[in-house]
Amino acid sequence: MSQHTEHTHDEHAHGEHAALSKKKIWQVFGILLAITVIEFIIALWAIPGKHMTQHIGNYVYIALTLLKAFYIVAYFMHLKFEKVGLQVCLSVVFIFIFYFIVLMLIEGGYLHLHMPLV
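The protein chain is annotated in an unreviewed UniProt entry as Caa(3)-type oxidase of Pedobacter hiemivivus. What UniProt records for the protein chain under Subcellular location (unreviewed entry) is the sentence "Cell membrane".

What follows is the structure in structure tokens.
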């Protein structure tokens, strides 16, 4: 009986991860490539051409990098296939990390503008 249960459980677990097919891997690769191309366009064209300020560019870089991190963690580290509790727990940590990055950027800009040069 236990062998049958283990066998069924192994098939079920394998079936969940089988959702990450070659097609899905290439789709995620395409999304990551597109985000990287957008980052290069911003770095090599938008900011030097004064189409975007460096300040806005920093926030866009952070947002795009976090989006890439989501895709890598969700699909290549299989978080997308985990239980909801683990997903929520890690998402809360991810939100706090993003919040602290924004706070550091704001505080760093404040110190740069309001502190005399030494």
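## Remarks on the UniProt feature "transmembrane region" (unreviewed entry) in the protein chain
Feature annotation in UniProt places "transmembrane region" (unreviewed entry) on residues 25-47, 59-78 and 84-106, given in this structure's numbering. Secondary structure content for residues 59-78 is 90% helix and 0% strand, and the end C-alpha separation is 27 Å. As annotated, residues 84-106 has a helix share of 100% and a strand share of 0%, and its two end C-alpha atoms lie 33 Å apart.

## Some points on the nonpolar core
What tends to happen in soluble globular proteins is that the nonpolar side chains get buried as a cluster. Core analysis: the biggest nonpolar cluster contains seven residues, these being Leu-20, Val-28, Leu-32, Tyr-71, Ala-74, Tyr-75 and Phe-81. Of all the secondary structure elements, the ones that give two or more residues to this core are α2 (22-46) and α3 (54-76). At three residues, α3 tops the list of elements feeding residues into this core. When sequence neighbours within four positions are dropped, the list of residues in contact with Val-28 reads Tyr-71, Tyr-75 and Phe-76.

## Considering the side chain of Glu-39
Counting through the fold element by element, Glu-39 comes out in helix α2. Judged by its relative accessible area of 12%, Glu-39 is buried. When sequence neighbours within four positions are dropped, the list of residues in contact with Glu-39 reads Tyr-61, Leu-64, Thr-65 and Lys-68.

## As for α2
With 25 residues, α2 extends 34 Å from end C-alpha to end C-alpha; this agrees with the ideal 36 Å at 1.5 Å per step. Residues Val-28, Leu-32, Ile-35, Glu-39, Ile-42 and Ala-46 constitute the buried set of α2. Along its buried surface, α2 packs onto α3.

Cut-offs used in this document
Residues numbered from 1 in each chain as written. Predicted model: local features only at pLDDT ≥ 70, side-chain atom pairs only at ≥ 80, totals over all residues. Heavy atoms only, no water. UniProt positions renumbered as here; feature names shortened; annotations may be inferred. Helix = DSSP H or I, 4+ residues; strand = E, 2+ residues; numbered from the N terminus. Core = buried A, V, L, I, M, F, W, Y, C linked by side-chain atoms within 4.5 Å. Buried < 20%, exposed > 50% of the residue type's maximum accessible area, 1.4 Å probe, protein only. Contact = heavy atoms within 4.5 Å. Expected span 1.5 Å × (residues − 1).

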